[in-house]
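One letter stands for each residue in the lines below.
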Amino acid sequence: MGCGMIINQDKNIRITIQYEGSRYQGWQKQDSTENTLQGKFEAILTKMAGEQVEVQASGRTDAGVHAYGQVANFHIKTQMQPIEIMAYLNRYLPEDVAVVAATEADNRFHSRLSARSKTYCYRVLNSEVPHIFERRYVYRISEQLDMQAMQRAATRLLGTHDYKAFTSTKKGKKSTVRTITKINIERIGEEIRFTYCGDGFLYHMIRILTGTLLEVGQGRMNEGHIIEIMQSGLRAQAGPLVPAQGLTLMEVSY
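Residues numbered from 1 in each chain as written. Predicted model: local features only at pLDDT ≥ 70, side-chain atom pairs only at ≥ 80, totals over all residues. Heavy atoms only, no water.

**Student:** An account of helix H4 (residues 205–217) is requested, with residue identities and associated values reported.
**Tutor:** Taking 1.5 Å of rise per residue, 13 residues should cover 18 Å, and H4 covers 18 Å from first to last C-alpha, within 8% of that figure. Of the residues one or two after H4, glycine 219 is the one with positive phi, at around 80°. (Helix = DSSP H or I, 4+ residues; strand = E, 2+ residues; numbered from the N terminus. Expected span 1.5 Å × (residues − 1).)

Here's what the structure looks like:
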């Protein structure tokens, strides 16, 4: 080996990402479209490394869902430091996506498998008048909502349960048992924010939980019916799937 030869080290890089998800087909790479966030990241990093780089995220946010604190990681052979990789990514990423932190992680770190909890926020604009500059981030409902009824119903959803009734996933072998440690519902002016914290969430779970709580808030569903829905395991018993634009992944804890 020559004295001047430089060896590229295999590094596990952990990044924190923010994105405005309105124009993307979700996080997960798809054969049918190049317009996914995972696809964007892998294309840039593969070009940078000169070989295929796979990027894993803490969770696969759906089309139209935003992220304030998405965490991802990837293994890459490079001499570049995390701050240089972060600068490279931000140079080539679209303007509605940014890497806000980058560090070198332990080789065993995996953004999804190592995660201990995730926090999401769903924003509802409770107003008869649209708020034009917030339209990409909120779901507007003009009817009056009973805050106390929604808060009481939310307490029935806490704990470790089978949330099969609150997911769009069809029959599968994977467990639908999850633990929700917090559901906070607060009004800030005309906006109502639903904050969820748990060990993980099923496909469409938060949007269906929110749709169910809004049914309670509008008086269309009795708050006591929550337990029956959970026990039934039937998606048809729960509330509607609310639109994606109100949902943001806020934080992932390790």
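**Student:** Tell me about the environment of valine 65, residues and numbers included.
**Tutor:** Along the chain, valine 65 turns up in the loop between strand S2 (55–57) and strand S3 (66–78). For valine 65, a relative accessible area of 3% translates into the label buried. Between the alpha carbons of valine 65 and tryptophan 27 there is a distance of 9.0 Å; along the sequence they are 38 residues apart. Among residues more than four places away in sequence, those in contact with valine 65 are Tyr19, Gly21, Ala244 and Leu247. (Buried < 20%, exposed > 50% of the residue type's maximum accessible area, 1.4 Å probe, protein only. Contact = heavy atoms within 4.5 Å.)

**Student:** Any chance you could break down the pattern of salt bridges for me, citing the residues and the numbers?
**Tutor:** A complete count under the given rule lists 11 salt bridges for this structure. The residue arginine 136 makes a salt bridge to glutamate 20 at a minimum N-O spacing of 3.2 Å. Residue arginine 136 is found in the loop between strand S5 (117–125) and strand S6 (139–140), and its partner glutamate 20 is found in the loop between strand S1 (9–19) and helix H1 (37–49); the two are separated by 116 residues along the sequence. Judged by its relative accessible area of 16%, glutamate 20 falls in the buried class. A salt bridge links glutamate 223 to arginine 152, with the shortest nitrogen-to-oxygen separation between them at 2.7 Å. (Salt bridge = Lys/Arg side-chain N within 4 Å of Asp/Glu carboxyl O.)

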